[in-house]
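Spelled out from the first residue to the last, the chains are:
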Amino acid sequence: MANSKNDFNEKAARAGKKVSHFLGKAKGAVARAMDQNDDGKFDREDIAKVANEIKESADEKAKQLELKILQPVFPADIDDGDFIMPKFLRVANKDRRRAESEVCRGSIGYFTTHKGIRVLNIFRECAELFGISFYPDSRSEFYYVDPSDRDRYIALDDYFSYLKMERVGELQRIAQDLGAKHFRVTYIEDKSSFTKSNASGSLKADKAASAQASHESEKSEYSTMEIAAEMTCPGHDPVKPKIKYLLRDPSIQSLVTMRLDKKAPLQHQKFMIKMSNSSGLKENDAVKIDAILSSMKFTGNTTVASEAKNEERRYLEYEIDF
């Protein structure tokens, strides 16, 4: 019994020595790890350095978090070959939070996300640094890119009216370059809904005549028509016009080709141009813009989507004589 007790005590003593040796090694490893100035001991200077490293790490994490939240844009970002200007953007004054933030110092704008869509916000005083121009100026808030010029942005409130004016002006220049003696541009807008006349209600009326009467009634009563431009010129030999907005319109392409054909030069032409084909801002993009504006608490008398839908009902009738 005594021998068993002695064996147990010896084993416990040996185990205790191993634990003490292990703790001593661990303590030495911790001390060496904490020894920041390599003087062989852990003192106040080491504590200060460790605290400073912890603070720097925390500051860096806070900086990265602030960058993620504020999403600033710097001049170096737009000079990067991977940076692509979006079609829709906002011009705004610098807000207080970004003006006072260290991570935003030197920034020229910032990104925000609305309804899953990333929006570029440009500081008004830095607008010229983006290498783009604005119509009518940079004092509006929301802009959409000019369909014929990637570096030009049109104020959203003026977008459709501006493009109407530009396309009418372009048709006038085309007529002059092609040597027209007379041309007329008529703006036509069909109403979105029609109320058919009940001309077919009379049993005695001929069905075909009734249908024709109904069609004519709709056309004359429910369409807006106005002459947008008309001019009489002396005429001259044609030169190839420079075209921007209507460059891809097949009717315009055909007109230019036939007029420049010296073997059988064109004398008269009349056709319709659907304005939505060259507007640039399509209805599906307009719906996204409306979602962005709604999430930013901006509301107006009409929606961008309704204006884009209205563009589907707008035409320019072009009649030209040589």
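See the structure shown above.
Residue indices follow the written sequence of each chain, beginning from 1 at its first position. Confidence filtering applies because this is a predicted model: local features only for residues at pLDDT of at least 70, side-chain atom pairs given and counted only at 80 or more, and all residues used for totals across whole chains, interfaces and linings. Working from all heavy atoms in the structure, the side-chain values ignore hydrogens and water.

Things to note about the sheet that holds strand E11 (residues 314-321)
Rule in force here: Pairing between two strands is assigned when DSSP locates at least 2 bridges connecting them. Only DSSP runs of H or I with at least four residues qualify as helices, and only runs of E with at least two residues qualify as strands; both kinds are numbered from the N terminus onward. Think of each axis as a best-fit line through the C-alpha atoms, taken over the contacting stretch in the case of a helix, with angles from 0 to 180 degrees between the N-to-C directions. Contact between two residues is taken to exist if any of their heavy atoms lie within 4.5 Å; hydrogens are not considered.
Spatially, the four strands line up as an open sheet ordered E9-E8-E11-E10, and their pairing is antiparallel. Either end of the sheet is taken by a strand with one partner, and the two such strands are strand E9 (223-232) and strand E10 (268-274). Taking the axes of each pair of neighbouring strands and ignoring which way they run, one obtains an average angle of 15 degrees across the sheet. Summarising the sheet, strand E8 (residues 182-190) and E11 pair through eight bridges and their orientation is antiparallel. By the bridge assignment, valine 185 is partnered in E11 with tyrosine 318. Seen against the sheet, helix H5 (residues 159-177) touches E8, E9, E10 and E11 and runs at an angle of roughly 15 degrees to E11.

Observations concerning helix H9 (residues 304-311)
Note the following rule: Relative accessibility decides the category of a residue: with a 1.4 Å probe and only protein chains considered, values under 20% of the type maximum give buried, values over 50% give exposed, and everything between is partly exposed.
Considered for burial, the residues of H9 that qualify are Val304, Ala305, Ala308, Asn310 and Glu311. Packing partners of the buried residues in H9 comprise H5, helix H8 (283-295) and E11.

Examining the packing of aromatic side chains
What counts here: Side-chain rings of Phe, Tyr and Trp (the six-membered ring for Trp) are treated as a pair once their centres are within 6.5 Å; stacked means planes under 30 degrees apart, edge-to-face means over 60, and tilted covers the remaining angles.
This model, assessed by the stated rule, comprises nine aromatic pairs. Ring centres of tyrosine 135 and tyrosine 162 lie 4.1 Å apart, and the angle between their planes is 35 degrees; on these two criteria the pair is classed as tilted. Of this pair, tyrosine 135 sits in strand E5 (residues 133-135) while tyrosine 162 sits in helix H5, placing them 27 residues apart in sequence. A relative accessible area of 25% means that tyrosine 135 is categorised as partly exposed.

Looking at the side chain of threonine 112
Here is the rule we go by: The definition of a polar contact used here is a pair of N or O atoms within 3.5 Å, where within protein one atom must be able to donate a hydrogen and the other to accept one, and adjacent residues in sequence count solely through side-chain atom pairs.
Checked against the element boundaries, threonine 112 lands in strand E3 (residues 109-114). A relative accessible area of 16% means that threonine 112 is categorised as buried. For threonine 112, the side chain forms a polar contact with the side chain of histidine 114, separated by 2.9 Å. In this structure, threonine 112 is in contact with Gln71, Arg98, Ile117, Arg118, Val119 and Asn121, ignoring residues within four places of it in sequence.

Some remarks on the environment of lysine 181
Mapped onto the fold, lysine 181 is located in the loop between H5 and E8. Using a relative accessible area of 45% as the deciding quantity, one classes lysine 181 as partly exposed. The spatial distance from the C-alpha of lysine 181 to the C-alpha of histidine 236 is 8.2 Å, given a sequence separation of 55 residues. If we ignore the near neighbours within four places in the chain, the residues touching lysine 181 are Met231, Thr232, Cys233, Pro234, Gly235, Asp321 and Phe322.

Some details on the nonpolar core
Rules: Throughout this description, the term nonpolar core refers to a set of buried Ala, Val, Leu, Ile, Met, Phe, Trp, Tyr and Cys residues connected via side-chain atoms within 4.5 Å.
Judged by nonpolar contacts, the single largest core of 40 residues is most densely connected at Phe88, Leu89 and Leu156. Those elements that place two or more of their residues in this core are strand E2 (88-92), E3, strand E4 (117-123), strand E6 (142-146), strand E7 (149-155), H5, H8 and H9. When sequence neighbours within four positions are dropped, the list of residues in contact with leucine 156 reads Phe88, Phe142, Tyr143, Tyr144, Leu281, Ile289, Leu293 and Val304. Residues Val168, Leu171, Ile252 and Leu255 belong to the second largest nonpolar core, which totals 23 residues.

So, the packing of H8 against H9
Axes are the key here: two packed helices are described by the angle between their axes and the distance separating the axes. Operational definition: Angle categories are assigned with fixed cut-offs, so that under 35 degrees is roughly parallel, over 145 is roughly antiparallel, 65 to 115 is roughly perpendicular, and the rest are oblique. Crossing handedness is read from the near helix: turned anticlockwise from the far helix by less than a right angle, it gives a left-handed crossing, and turned clockwise, a right-handed one. Residues are grouped as follows: Ala, Val, Leu, Ile, Met, Phe, Trp, Tyr, Cys and Pro are nonpolar; Asp, Glu, Lys and Arg are charged; all remaining types, including Gly, are polar.
It is the contact of H8 with H9, at a shortest axis distance of 7 Å, that shows an interaxial angle of 165 degrees. Judged by the angle between their axes, H8 and H9 are roughly antiparallel. Regarding H8 and H9, the two cross each other, and that crossing is right-handed. Note on element contacts: H9 touches H8 through Val304, Ala305, Ala308 and Lys309, opposite Glu283, Ala286, Val287, Ile289, Asp290 and Leu293. For the contact of H8 with H9, the class distribution of residues is seven nonpolar, no polar and three charged.

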